[in-house]
Amino acid sequence: AANVLFQVCKNVNEILKFDTLSGVLEAKRKETKVVLDLPSNAPEAVDEVEFQELIQEVCSGLPVQEVLLSKTTRKLLIRLEDCVTMAQLENISPGISKLPSLETSGRVAGVILTVKSQQFHFISRYFAPWNGIPEDPVTGSAHTVLAPYWSGQLGLQTMLARQCSPRGGVLEVCLGSEGRVQVAGESVIVLEGTIRI
C-alpha cells in the first residue's frame, strides 16, 4: 500500500501512517525502498516434540538445529542446520494443505524456515496456510521474529536477509531500540486496474 501511495498516487509525505489491527504502522521512503517500522517479536525455545509432525512435513527432510515460537505472532521458527544451502531451501515443496491438520492447538499461525547464509546474513521461507496464505513471498511480520533471533545469534543489529520463495525478495532488517524492527525492501507493483461500479 505504501509503495502505491508513494509511486502511483505521488504522495509527497516522507512517512505514511496506517491504522492496523495491531496499532499504527509507519512506512517511510528510503531512496527506492519502503521502510516499515514494526514491533520486535522475539521467539522462545520450545520442545520440538510438541510440533514433530508439522516440523517433519514443512522441513521436507532438511536437518533441524533449533525450534522456537513467537507467542505474540504465533509464528513457529525452525532454524535449519548451517549445512543447508539456499538451493536446498528454495527447492523444498512441503505439503502446504496438510500443515493446518498437523497443528490444531491454535499456538501456530505460520511457520518460518531459516538458515544462516554465506551470501546474506540469513535466508528464510514462510508458510501460513492457517491464514489462507500457502507461502508468503516476502513477509515483513516474519522478519519481526527473525531479526531479534538472528541479532542474538550473529551479534549484529543490521542484517541483510533473503526470503527464498519462488518470487522472493531481499530485505534489510535493523533491530532498533525500544523493541522495534526496521524492515526495508524494494516494492513492486504487480497489477494496476480500474473498477467500474
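Just so it is clear, the model here is predicted, and its values are computed rather than measured.

Caption draft 1: Structural view of the pattern of salt bridges. What the rule picks out here adds up to 9 salt bridges. With a shortest N-O distance of 3.5 Å, K17 and E26 are connected by a salt bridge. Relative accessible area serves as the criterion here: at 27%, E26 is assigned to the partly exposed category. Ionic pairing is found between E135 and R125, a salt bridge with its closest N-O pair at 2.8 Å. Of this pair, E135 sits in the loop between β8 (122–127) and α5 (140–154) while R125 sits in strand β8, and the two are 10 residues apart along the sequence. Overall, the relative accessible area of 4% leaves R125 in the buried class.

Caption draft 2: Molecular detail of the side chain of S165. With respect to the helices, strands and loops of the structure, S165 is situated in the loop between β9 (158–163) and β10 (169–175). Residue S165 is classed as buried on the basis of its relative accessible area of 5%. Separated by 2.8 Å, the side chain of S165 and the backbone oxygen of P137 make a polar contact. Excluding anything up to four places from it in sequence, S165 contacts R125, E135, D136 and P137.

Caption draft 3: The arrangement of the sheet that holds strand β3 (residues 33–39) in detail. Taken together, 11 strands build an open sheet; the order of strands is β1-β2-β3-β11-β10-β9-β8-β7-β6-β5-β4 and the sheet is mixed. Among the strands making up the open sheet, the edge pair consists of β1 (15–20) and β4 (44–45). Two strands pair when backbone bridges link them, and β8 and β9 are joined in this way by 3 bridges, in the parallel orientation. Looking at β9, one finds that S124 is bridged to Q163.

Caption draft 4: Geometry of the nonpolar core. By size, the foremost hydrophobic cluster in this structure holds 25 residues, and its most contacted members are V58, L76, I78, L80, L89 and L113. When contributions to this core are tallied by element, the ones reaching two or more residues are α2 (52–59), β5 (64–70), β6 (75–80), β7 (110–116) and β8. Dropping the residues within four chain positions of it, L89 is found in contact with L62, L80, V84, L113, V115, I123, S124, R125 and C164.

The rules behind these values
- All residue numbers refer to positions counted from 1 along the written sequence of the respective chain.
- Note on the predicted model: pLDDT of at least 70 is required for a residue's local features to be given, and 80 or more for side-chain atom pairs to be given and counted; whole-chain, interface and lining totals, by contrast, use all residues.
- Excluded from the side-chain calculation are hydrogens and water; included are all heavy atoms of the structure.
- Think of a salt bridge as a Lys or Arg side-chain nitrogen and an Asp or Glu carboxyl oxygen that are within 4 Å of each other.
- Each residue is assigned to one of three classes by its accessible area relative to the maximum for its type, calculated with a 1.4 Å probe on protein chains only: buried under 20%, partly exposed between the two thresholds, exposed over 50%.
- Helix numbering and strand numbering both begin at the N terminus, where a helix is a DSSP run of H or I of at least 4 residues and a strand a DSSP run of E of at least 2.
- For this analysis, a polar contact is any N or O atom pair within 3.5 Å, provided that within protein one partner can donate a hydrogen and the other can accept it, and provided that sequence-adjacent residues contribute only side-chain to side-chain pairs.
- Should any heavy atoms of two residues lie within 4.5 Å, those residues are counted as being in contact.
- Should DSSP find at least two bridges between two strands, the strands are regarded as paired.
- Residues enter a nonpolar core if they are buried and are Ala, Val, Leu, Ile, Met, Phe, Trp, Tyr or Cys, with the set joined through side-chain atoms within 4.5 Å.

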